[in-house]
Amino acid sequence: MSGERHSERGRLHELHHAATYVRSATDEQTVYRRVVETAERVLGFDYCTALVRDDSDFVVVASSHRNAGERISRERGVLTETFREGEARLVQDIAASELATPSNPAYRSGISVPIGDGAVFQAISESPGHYNEHDLELAELLALHAEAARSQVQSAALIREQKRKIEQLHAVATELESCHSREELYALMQRASKEILGFDWCTLYRMEDDQFVVAMTSDSSPIEAGEYPFPGGESKAREIYESGGAQVVEDVHEMEDGEPTTERIRSAIQVAVGGIGVYSAARERPGAFDESDLELAELLASSIAEAHERIQAQEQLRARKRELRRQNERLDRFASVLSHDLRNPLNVAGLRLELAREEGDDEHLAAVGEALDRMETMVEQLLAMAQAQNVVERTEPVDLRKLSGAAWETSRTDGATLERAFDGHHQIEAEPDILRSVLENLFRNAAEHNDPPLTVEIGPLEDTGGFYVEDNGEGIPAESRTAVFEFGHSTAADGTGFGLAIVREFVEAHGWEITLTDGPAGGARFEIHTG
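What comes next concerns the included structure.

## Some remarks on the side chain of Glu457
Here comes step 1: Note on placement: Glu457 falls in strand 15 (residues 454–460).
Here comes step 2: Despite its burial, Glu457 pairs with no opposite charge, the nearest such side chain being Arg525 at 5.8 Å.
Here comes step 3: There is a polar contact of 2.5 Å between the side chain of Glu457 and the side chain of Tyr468.
Here comes step 4: In contact with Glu457, not counting residues within four places along its chain, are Glu419, Ala421, Tyr468, Val469 and Glu470.

Written as structure tokens, this is what we have:
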């Protein structure tokens, strides 16, 4: 051993002091540089190098004789085996070693020690037997200090990165306050997942009617928004949703009763999002997520749940305001009818009754009866309009062929015939009484605005779902097709102007849509779209 080498006890003592120097490094590059420096200055090693693995090569990160960044390719050798096995090696005679593959024939002995599971420290000498077992122990001790320093640096970096991401998520929470729709909310969630959390593959499963539907998904996901990913109903996602919990799945393939949406998924995170559903992120390798990822996912999910609840409350408030506005409009219309439209037949009835008393003429009493009949019709239709303000809450399958026949019998359609263009029974999901009122008003409207003989036909809309009612009468001009649905609009002398307004109210109460066009025979054709 060289006379310049320190005593064994002295080197150990100095190494303990040098450990503080190594551990005070603030980045990994400095850790490796101080390891090489300490090995030379304190341990008295000759040629020292620290290397890390990069794909199939080793890269020099610090060295007393090599350039940083130099790549070394080794399929076998002491360096490769040290990294692969994670065990230190002492080679006292490189020339006699079957394993050693020196890059310089002048190298005769060496030490190779792993630094954790990602790097290797090596010391080489041009003299055989230059290193002994005690040198190997000191090198291993130095490597332990290096690994502790590297872990400390990595932990500090992770903490800084986690803090940065949390701050960014707090900024996202502020940005969420400006979202006014679920679509805006989901778009922001997708962007935050990718740009802040680094989740390239993520999905939001929203619970609707006791099953999950995809509400948001990333571009790389194999499923799309609107799909139902768990047709069987049961899934781990449902367990998370019902418990309000969260989990990290190290390997989906080893999870009992796991049902991934694709076999490509190997690891995953699942987090309950309030009462909305479950937020999930996935990757194609096992063990890709840790507790820090879960913490960030829970923070994002919490912000999304709060924003979703706010948007839902705003939507309910807007819906309530719209309903109040519609109710006020109805009240205005009712007040108009009571103050004007009903007053006319009431005045007629009063005048004719007075004349009947004075003259004793039954003709006046007949006019009184007609006026009373008109008032009765108007009152019935006003009551029907009042019903329309209540949202249809109970529906059931209704045979449209059968119901249309019954509605025709109770409609005043003298001189008209009904044709039902159905192949057997035709089921439609509706509130029976309200749908019957729709049919009665459509049938009555056709009879009141056309001269006999008249044919009215009802049949199914095959392409869009729903049904049509058409006649072979005079039709309705294109410029009047919007006005006919307005309250009080009528072209008939004795019409109330309520019928088609009632039809529209009842159709929309079901969530359907009504349109008016020309029929094949030139008459009016009303189409009720239920799909």
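## Some thoughts on the pattern of salt bridges
Here comes step 1: This model, assessed by the stated rule, comprises 21 salt bridges.
Here comes step 2: In this structure, Glu70 engages Arg66 in a salt bridge whose closest nitrogen and oxygen atoms are separated by 2.8 Å.

## Let's talk about the packing of helix 11 (residues 432–448) against helix 12 (residues 499–509)
Here comes step 1: Between helix 11 and helix 12, whose axes approach to 9 Å, the crossing angle comes to 150 degrees. As far as their axial angle goes, helix 12 and helix 11 are roughly antiparallel. Note on packing geometry: the crossing formed by helix 11 with helix 12 is left-handed. In this structure, helix 11 contributes Ile434, Ser437, Val438, Asn441, Leu442 and Asn445 to the contact, and helix 12 contributes Gly499, Leu500, Ile502, Val503, Phe506 and Val507.
Here comes step 2: Here the residues of the contact of helix 11 with helix 12 sort into 8 nonpolar, 4 polar and no charged.

## Quick notes on helix 1 (residues 8–23)
Here comes step 1: The terminal C-alpha atoms of helix 1, which comprises 16 residues, lie 22 Å apart, in line with the 22 Å expected from a rise of 1.5 Å per residue.
Here comes step 2: In the structure, helix 1 departs most strongly from a straight axis at His17, where the bend amounts to approximately 30 degrees.
Here comes step 3: Those residues of helix 1 that sit buried are Arg11, Leu15, Ala18, Ala19 and Val22.
Here comes step 4: If you follow the buried residues of helix 1, they end up packed against helix 2 (28–41) and helix 4 (133–176).

## Section: the nonpolar core
Here comes step 1: Among the nonpolar cores identified, the biggest contains 35 residues, and Leu435, Leu439, Phe467 and Phe526 are the most heavily contacted of them.
Here comes step 2: Mapped by element, the contributors of at least two residues to this core are helix 10 (400–409), strand 14 (427–430), helix 11, strand 15, strand 16 (466–471), helix 12, strand 17 (513–518) and strand 18 (524–529).
Here comes step 3: For this core, the element with the highest residue contribution is helix 11, accounting for 7 residues.
Here comes step 4: In contact with Phe467, not counting residues within four places along its chain, are Leu400, Ile428, Leu435, Leu439, Ile458, Gly459, Pro460, Leu461, Trp512, Phe526, Glu527 and Ile528.

## Looking at the packing of helix 1 against helix 4
Here comes step 1: Close contact between helix 1 and helix 4 brings their axes to 10 Å; oriented N to C, the two are set at 10 degrees. By the criterion of interaxial angle, the relationship of helix 1 to helix 4 is roughly parallel. Read as a crossing pair, helix 1 and helix 4 show a hand that is right-handed. Touching Glu8, Arg11, Leu12, Leu15, His16, Ala19, Val22 and Arg23 of helix 1 are His134, Asp135, Leu138, Leu141, Leu142, His145, Ala146, Ala148, Ala149 and Gln152, all from helix 4.

## Some words on the environment of Asp219
Here comes step 1: With respect to the secondary-structure elements, Asp219 resides in the loop between strand 8 (211–217) and helix 6 (236–243).
Here comes step 2: Here the alpha-carbon distance between Asp219 and Cys202, two residues 17 residues apart in the chain, equals 8.8 Å.

## Things to note about unusual backbone geometry
Here comes step 1: Here the residue pair Pro452 and Pro453 is connected by a cis peptide bond, since its omega of -5 degrees sits within 30 degrees of zero.
Here comes step 2: As for its position among the elements, Pro453 is in the loop between helix 11 and strand 15.
Here comes step 3: Of note in the backbone geometry, Asp209 takes a positive phi value of approximately 50 degrees without being a glycine.
Here comes step 4: Following the sequence through the fold, Asp209 ends up in the loop between strand 7 (202–208) and strand 8.

## Section: the packing of aromatic side chains
Here comes step 1: Applying the stated criterion across every chain yields a total of 11 aromatic pairs.
Here comes step 2: With 6.1 Å between their ring centres and 75 degrees between their planes, Phe212 and Phe230 make a pair best called edge-to-face. Separated by 18 residues along the polypeptide, Phe212 in strand 8 and Phe230 in the loop between strand 8 and helix 6 bring together distant segments of the chain.
Here comes step 3: A relative accessible area of 9% means that Phe230 is categorised as buried.
Here comes step 4: Between Phe212 and Tyr241, the aromatic rings sit 5.9 Å apart at their centres with planes inclined by 80 degrees, giving edge-to-face as the arrangement.

## Topic: the sheet that holds strand 3 (residues 71–73)
Here comes step 1: Strand order across the open sheet formed by 6 strands is 3-2-1-6-5-4, with antiparallel pairing between neighbours. Of all strands in the sheet, those with a lone pairing partner are strand 3 and strand 4 (89–91), marking the two edges. Strand-to-strand twist in this sheet, taken as the mean axis angle between neighbours without regard to direction, amounts to 25 degrees.
Here comes step 2: Contacts between helix 2 and the sheet are confined to strand 1 (47–54), strand 2 (57–63), strand 5 (109–115) and strand 6 (119–125), with strand 1 contributing the most and set at about 155 degrees to the helix.
Here comes step 3: Strands in contact with helix 4 are strand 4, strand 5 and strand 6; relative to strand 5, the strand with the most contacts, it is inclined by about 30 degrees.

Reading the values: rules and limits
Residues numbered from 1 in each chain as written. Predicted model: local features only at pLDDT ≥ 70, side-chain atom pairs only at ≥ 80, totals over all residues. Heavy atoms only, no water. Helix = DSSP H or I, 4+ residues; strand = E, 2+ residues; numbered from the N terminus. Buried < 20%, exposed > 50% of the residue type's maximum accessible area, 1.4 Å probe, protein only. Lys, Arg positive; Asp, Glu negative; His and termini not counted. Salt bridge = Lys/Arg side-chain N within 4 Å of Asp/Glu carboxyl O. Polar contact = N/O pair within 3.5 Å; in protein donor to acceptor, adjacent residues only side chain to side chain. Contact = heavy atoms within 4.5 Å. Axes fitted to C-alpha atoms, helices over the stretch in contact; angles between N-to-C directions. Parallel < 35°, antiparallel > 145°, perpendicular 65-115°, else oblique. Left-handed = near helix turned anticlockwise from the far one by under 90°. Nonpolar A, V, L, I, M, F, W, Y, C, P; charged D, E, K, R; others polar. Expected span 1.5 Å × (residues − 1). Bend = angle between axes of the 7 residues up to and from the residue. Core = buried A, V, L, I, M, F, W, Y, C linked by side-chain atoms within 4.5 Å. Phe/Tyr/Trp six-rings, centres within 6.5 Å; stacked < 30°, edge-to-face > 60°. Pairing = 2+ DSSP bridges.

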